[in-house]
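If you want the building blocks of each chain, they are given just below.
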Amino acid sequence: MTEAILLVGGKGTRLRPLTVHTPKPMVRAAGVPFLTHQLARARAAGVDHIVLATSYLAEVFEPYFGDGSSLGLHIEYVTEEEPLGTGGAIRNVASRLHSGPDEPVLIFNGDILTGLDIRALVRTHETTGADVSLHLTKVTDPRAYGLVPTDETGKVLAFLEKPQTPEEIVTDQINAGAYVFRRSVIDTIPAGRTVSVERETFPDLLSAGAHLQGMVDSTYWLDLGTPAAFVRGSADLVLGRAPSPAVPGRCGDRLVLPTARVAADAKLTGGTVVGEGAFVAEGARVFGSTILPGAVIEPGAVITDSLIGTRARVGERSVLTGTVIGDGAVIGADNELRDGMRVWCDARIPAGAVRFSSDQ
C-alpha cells in the first residue's frame with residue numbers, strides 16, 4: 001500500500017462566492033464534496049493512509065470525513081498556522097508519514113479532477129528509480145501553465161513557468177498536479193517557511209542533479225479553479241466522462257439526491273445535479289448545472305451551466321447562463337443573468353432588476 005498527501009489548504013479565491021463559507025475541496029461536485037472523489041480514487045489505487053494538509057476553513061474537514069474508515073482509509077489532518085505554499089505544506093506534514101526513506105509517497109493537489117492511472121504513475125516511479133515522478137498532461141494552449149519538457153525516456157529537462165512568446169513554448173506538456181516523491185526527498189524541503197514545489201523545489205532538485213521523471217497521461221484532466229470549470233467538472237462526473245467511484249448514483253443526464261424534489265414536467269439534462277432538500281418547480285429547465293442542497297428553482301426558470309448555492313432561490317421565469325449564485329442569495333422573478341456573473345451570498349436581486357436583453 002502507498003500513502004498519500006492531499007494539499008487542501010488553498011483559499012479558492014477564484015471560486016468565490018462558492019468558497020466564502022466552504023473550502024474549495026468541500027464544494028459539492030456530483031452530489032458530494034469534491035475531495036470525496038479524490039479520496040475514493042486514491043483508495044481504489046491501493047492507498048490506505050492519507051494526510052490532509054489543511055489551512056483555510058480547516059475545521060470543516062474532520063467532522064465530515066472523520067478517521068476515513070467509511071472510505072476504507074486512515075485519514076489524518078495537519079493544519080498550517082500560516083499558509084506555507086505547496087512545498088511548505090508537504091514538508092509540514094512529513095512527520096505523519098510512515099514510509100521508509102526509499103518508499104513512494106503520492107501527492108495530489110486538491111483542485112484537480114483527473115482520470116490519471118495512479119498505479120501507473122507509481123510503477124513509473126519505481127521502475128525508473130526516480131527521486132520524484134510527475135503526472136504530465138498535454139494541452140492545446142500551455143501559456144497559463146508550467147511547461148515540463150522531457151527527453152525521449154521521460155526524464156524531466158526543465159521547468160518553464162507560464163511562457164508567453166512562441167519561442168518559449170517548447171512543449172505542450174504541463175505539470176498536472178500529481179506527484180510521487182521518494183520519502184527522503186520530502187525531508188530536503190525547507191521547514192517552517194513558504195515554499196512553492198513548482199517554482200522552488202522542483203527546479204532546485206533538477207539543478208542538484210536529482211532524477212525527476214515525467215509520465216504523460218492524457219486521460220481526463222481539469223483544473224477546477226474557476227466557477228465555470230467547477231460546474232463543468234461536476235457535470236462530467238455525472239455524465240461519466242470523468243471517472244469516480246464516489247458518484248452517489250448511476251451516471252446519466254441527471255443526478256437527483258435523496259430528499260430533493262423535482263416537478264414532473266421540469267427538465268434536467270447535461271449532467272445536472274439537484275442536492276438534498278432542493279426543489280425544482282414545474283416548467284423549470286436546468287442544463288449542465290449544480291443545484292446545491294436546500295436551493296429552490298421556481299416555475300419556468302431556465303438555468304444553464306450555472307451553480308446555485310445552498311438555500312439560494314431563483315425566481316419564476318428568470319434565465320441564468322454561466323452564473324454562480326452564492327449561498328442564501330435570492331434572485332427575483334424575470335431576471336436575466338449571463339456569463340461570468342457572480343451573485344454574493346445572501347444578496348437579493350429584486351424582480352426584473354437585471355437584464356441583458358429588452359423587456360419585450
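Small disclaimer: the values here were computed from a predicted structure and weren't measured.

S.K.: What exactly am I supposed to notice about the side chain of Glu-80 here?
M.R.: Among the secondary structure elements, Glu-80 is positioned in the loop between β5 (74-79) and α3 (85-92). In this structure Glu-80 is buried but unpaired, with Lys-11 as the nearest side chain of opposite charge at 10 Å. A distance of 2.9 Å separates the side chain of Glu-80 from the backbone nitrogen of Leu-84, its partner in a polar contact.

S.K.: I'm lost on the packing of aromatic side chains in this one. Help?
M.R.: For any pair of aromatic rings, geometry is given as the distance between the ring centres together with the angle between the planes. One pass over the structure, following the stated rule, counts seven aromatic pairs. Judged by centre distance (4.8 Å) and plane angle (70°), the ring pair of Tyr-64 and Phe-65 falls under edge-to-face. Aromatic pair Tyr-179 and Phe-202: ring centres 5.0 Å apart, planes at 75°, arrangement edge-to-face. Residue Tyr-179 is found in strand β11 (residues 173-182), and its partner Phe-202 is found in helix α6 (residues 197-207); the two are separated by 23 residues along the sequence. Both residues of the pair, Tyr-179 and Phe-202, count as buried. An aromatic cluster of three or more residues is present, and its members are Phe-159, Tyr-179, Phe-181 and Phe-202. Over the face of the ring belonging to Phe-279 we find Arg-261, whose NZ or CZ atom lies 4.4 Å from the ring centre.

S.K.: Which parts of the structure should I look at to understand unusual backbone geometry?
M.R.: Keep in mind that most residues, glycine aside, have a negative phi and that most peptide bonds are trans. Residue Pro-17 is reached from Arg-16 by a cis peptide bond, and omega for that bond is 15°. We note that Asp-334 has phi near 60°; this positive angle belongs to a residue other than glycine. On the secondary structure map, Asp-334 appears in the loop between β27 (330-331) and β28 (336-337). We classify Asp-334 as partly exposed; its relative accessible area is 28%.

S.K.: Before we go on, may I ask you to explain the pairing of strand β8 (residues 132-138) in this structure?
M.R.: Working note: regular strand, side chains alternate between the two faces of the sheet. For β8, a buried count of six out of seven residues is recorded, marking the element as mostly surrounded by other parts of the structure. Pairing analysis gives six bridges linking β8 to β11, with the strands arranged antiparallel. Bridge assignment links Val-132 to a residue of β11, and that residue is Phe-181. Where β8 meets strand β12 (residues 212-216), five bridges bridge the pair, whose relative direction is parallel. Looking at the pairing, Val-132 lines up with Leu-212 of β12.

S.K.: I keep staring at the UniProt feature "domain: Mannose-1-phosphate guanyltransferase C-terminal" (unreviewed entry) in the protein chain and nothing clicks. Help me out?
M.R.: The sites that carry the UniProt feature "domain: Mannose-1-phosphate guanyltransferase C-terminal" (unreviewed entry) are, in the present numbering, residues 252-338. Across residues 252-338, helical content stands at 0% and strand content at 41%; the span's end C-alpha atoms are separated by 26 Å.

S.K.: How do you make sense of the pattern of salt bridges when you look at a structure like this?
M.R.: When the charged atoms of two side chains lie near each other, side chains of opposite charge can form a pair. According to the stated counting rule, one finds 15 salt bridges in the structure shown. Salt-bridge contacts for Arg-317 lead to Asp-334; the nearest nitrogen and oxygen are separated by 2.8 Å. Here Asp-334 lies in the loop between β27 and β28 and Arg-317 lies in the loop between β24 (313-314) and β25 (319-321), a separation of 17 residues in the sequence. A single salt-bridge network, built from bridges that share partners, covers Asp-102, Asp-131 and Arg-182.

Quick notes on the rules
- Residues numbered from 1 in each chain as written.
- Predicted model: local features only at pLDDT ≥ 70, side-chain atom pairs only at ≥ 80, totals over all residues.
- Heavy atoms only, no water.
- Helix = DSSP H or I, 4+ residues; strand = E, 2+ residues; numbered from the N terminus.
- Buried < 20%, exposed > 50% of the residue type's maximum accessible area, 1.4 Å probe, protein only.
- Lys, Arg positive; Asp, Glu negative; His and termini not counted.
- Salt bridge = Lys/Arg side-chain N within 4 Å of Asp/Glu carboxyl O.
- Polar contact = N/O pair within 3.5 Å; in protein donor to acceptor, adjacent residues only side chain to side chain.
- Phe/Tyr/Trp six-rings, centres within 6.5 Å; stacked < 30°, edge-to-face > 60°.
- Lys NZ or Arg CZ within 6 Å of the ring centre and 35° of its normal.
- Pairing = 2+ DSSP bridges.
- UniProt positions renumbered as here; feature names shortened; annotations may be inferred.

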